[in-house]
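# Architecture at a glance
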Amino acid sequence: MKENFVNRLTQLSVRLEELNQLLSSETVTADLEKYRKLTREHAEILPVVELYRAFQQSEGDIQAAVEMSADPEMREFAEDELQAGKERLVQIEAELQKQLLPKDPNDEKNIFLEIRAGTGGEESALFAGNLFRMYSRFAELQGWQVEIISQSLSDMGGYKEIIARIVGHGAYSRLKFESGGHRVQRVPATETQGRVHTSTCTVAVIPEADEISEVELNPAELRIDTFRASGAGGQHINKTDSAVRITHLPTGIVVECQDGRSQHKNKAQAMSVLAARIHDKQMRAQQAEQAATRKSLVGTGERSERIRTYNFPQGRVTDHRINLTLYKMDQIMDGDLDDLCSALMAEHQADLLAAMMAE
């Protein structure tokens, strides 16, 4: 194991002992906020240190097996133990390296999913509907909730734009690599000569801010307009100014919400989306600075970047960032995204590990 890993693990072992002493103090609960921070840190460090102890134990077992092999009567048994110990050591080291990778503070958060039709007219809007169903089915399979915040329907039943909130533990960690340009190649329903057309949609996955207070929203920098909602929703929704549009003047970010019947609820939802978008803008600015020195293998995350192609005639889905092609179109469009998400996460972790090894 590299020296920098050993040093880091040694530091964590020392820190765990310090935390054990602090948490065993009779006065530790006097400051509940400090107590929560200490217990959270303890919960994060403990599994890593336990793994490190298992690694050290395996090293000791290997050394004992080497010494035992000097005895002719024990040599065969010792060689078996030695082989098993080396295999166990490799497994533990790989897991330790993964545990030491930098944690994304947004990984466990809920998300706002934004899908917008791009080039391709009605076919693009229909594909946006397909994508929304795909992500909704994936969320359903994870046991997550999907709440539509805002939608703009196309004439043929697709979406010009749809924004939804997905509520579930780890939603961002699983879907954060979906941001970007999604391209579809298929014969549109409106095509009479059977020609394959290419259309595009853009997807944005934004982590929900824990609290709106995480982002400074100065009321003087907000323009809030109310208007009558359009589209389906019954008589009430068309008779009152329940829809809300909020413009953040410094950034020009505009958020509309009209799905709820209550103006108050729509305003609260719009404020949440606005806070998340501003937080995401700040986060992407920081990532852009980091990317100047080290570009991620899974792409820059730019919304305009074409990340994936869905070729219906050939039944294949290709993710261009990691050169992965899967011939399981029907399953993927029905929400089976595990192979894609896992491959993207593995590539991302490999990139982080390579950067950490280079330090």
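To keep things clear, this report deals only with the structure shown in the data block.

So, how was this worked out
- Residues numbered from 1 in each chain as written.
- Predicted model: local features only at pLDDT ≥ 70, side-chain atom pairs only at ≥ 80, totals over all residues.
- Heavy atoms only, no water.
- Helix = DSSP H or I, 4+ residues; strand = E, 2+ residues; numbered from the N terminus.
- Buried < 20%, exposed > 50% of the residue type's maximum accessible area, 1.4 Å probe, protein only.
- Contact = heavy atoms within 4.5 Å.
- Axes fitted to C-alpha atoms, helices over the stretch in contact; angles between N-to-C directions.
- Parallel < 35°, antiparallel > 145°, perpendicular 65-115°, else oblique.
- Left-handed = near helix turned anticlockwise from the far one by under 90°.
- Nonpolar A, V, L, I, M, F, W, Y, C, P; charged D, E, K, R; others polar.
- Phe/Tyr/Trp six-rings, centres within 6.5 Å; stacked < 30°, edge-to-face > 60°.
- Expected span 1.5 Å × (residues − 1).
- Arc of directions from axis to C-beta.
- Pairing = 2+ DSSP bridges.
- Salt bridge = Lys/Arg side-chain N within 4 Å of Asp/Glu carboxyl O.
- Core = buried A, V, L, I, M, F, W, Y, C linked by side-chain atoms within 4.5 Å.

## As for the overall build of the protein
Regarding its fold elements, the protein presents nine helices and eleven strands. Relative to its full complement of 359 residues, the protein shows a buried share of 41%. For the protein, long-range pairs separated by at least 24 residues make up 62% of all intrachain contacts whose partners lie at least 6 apart in sequence.

## Topic: the packing of helix H2 (residues 32-68) against helix H3 (residues 75-99)
The N-to-C vectors of H2 and H3 enclose an angle of 160 degrees; their axes lie 9 Å apart at closest approach. Between H2 and H3, the interaxial angle falls into the category roughly antiparallel. When the axes of H2 and H3 are compared, the crossing they make is left-handed. By residue class, the composition of the contact of H2 with H3 is 15 nonpolar, three polar and seven charged.

## Concerning the packing of aromatic side chains
Going through the model one piece at a time under the given rule, you end up with three aromatic pairs. For the pair Phe132 and Tyr159, a centre-to-centre distance of 5.8 Å together with 80 degrees between the ring planes defines the contact as edge-to-face. Of the two residues, Phe132 is situated in helix H4 (residues 121-142) and Tyr159 in strand S3 (residues 159-167); the sequence distance between them amounts to 27 residues. Side by side, Phe132 and Tyr159 carry an identical accessibility label, which is buried.

## Looking at helix H1 (residues 3-23)
One full turn of an α-helix is made of 3.6 residues, so residues set three or four places apart face in the same direction. With 21 residues, H1 ought to run about 30 Å at 1.5 Å a step, and its terminal C-alpha atoms sit 30 Å apart, in line with that. Buried within H1 are the following residues: Phe5, Leu9, Leu12, Ser13, Leu16 and Leu19. Projected down its long axis, H1 carries its buried residues within an arc of 125 degrees, all on one side. Opposite its buried face, H1 presents the exposed residues Glu3 and Gln21, each directed more than 90 degrees away.

## Overview of the pairing of strand S10 (residues 316-319)
Neither face of S10 is exposed, since Arg316 and Thr318 on one face and Val317 and Asp319 on the opposite face are all buried. In terms of strand pairing, strand S9 (residues 306-311) meets S10 through four bridges, oriented antiparallel. Counterpart to Thr309 in the pairing with S10 is Thr318. Linking S9 to S10, which pair antiparallel, is a turn of four residues; within it Gly315 sits at a positive phi near 65 degrees.

## Digging into the pattern of salt bridges
On inspection of all chains with the given rule, the structure shows 24 salt bridges. Put simply, Arg245 and Glu256 hold a salt bridge, and the shortest N to O gap is 2.7 Å. Here the residue Arg245 occupies a position in strand S7 (residues 243-248), and Glu256 occupies one in strand S8 (residues 253-257), the gap between them amounting to eleven residues. A salt bridge links Arg321 to Asp319, with the shortest nitrogen-to-oxygen separation between them at 2.7 Å.

## Structural notes on the environment of Asp319
Looking at the secondary structure, you find Asp319 in strand S10. Residues Asp319 and Leu340, spaced 21 residues apart in sequence, show a C-alpha to C-alpha distance of 7.9 Å. Once you skip the residues sitting within four places of it in the chain, Asp319 turns out to touch Ile307, Arg308, Leu324, Leu340 and Leu344.

## A few points about the nonpolar core
Counting 33 residues, the largest nonpolar core has Ile115, Leu131, Tyr135, Leu175 and Leu337 as its most contacted members. Of all the secondary structure elements, the ones that give two or more residues to this core are strand S1 (111-117), H4, S3, helix H5 (171-175), strand S5 (197-207), helix H8 (329-333) and helix H9 (338-358). By residue number, the principal contributor to this core is H4, which donates eight residues. Core analysis: the second largest hydrophobic core is formed by 23 residues, Phe5, Val49, Tyr52 and Ile92 among them.

## Section: the pairing of S7
Here S7 lies mainly inside the structure; five of its six residues are buried. The pairing of strand S6 (residues 222-227) with S7 spans six bridges and is classified as antiparallel. Looking at the pairing, Ile224 lines up with Ile246 of S7. Pairing of S7 with S8, which is carried by five bridges, proceeds in the antiparallel orientation. Of the residues in S8, the one forming a bridge with His248 is Ile253. Counting the residues in the hairpin turn of S7 and S8 gives four residues, including Gly252, whose phi is positive at 80 degrees.

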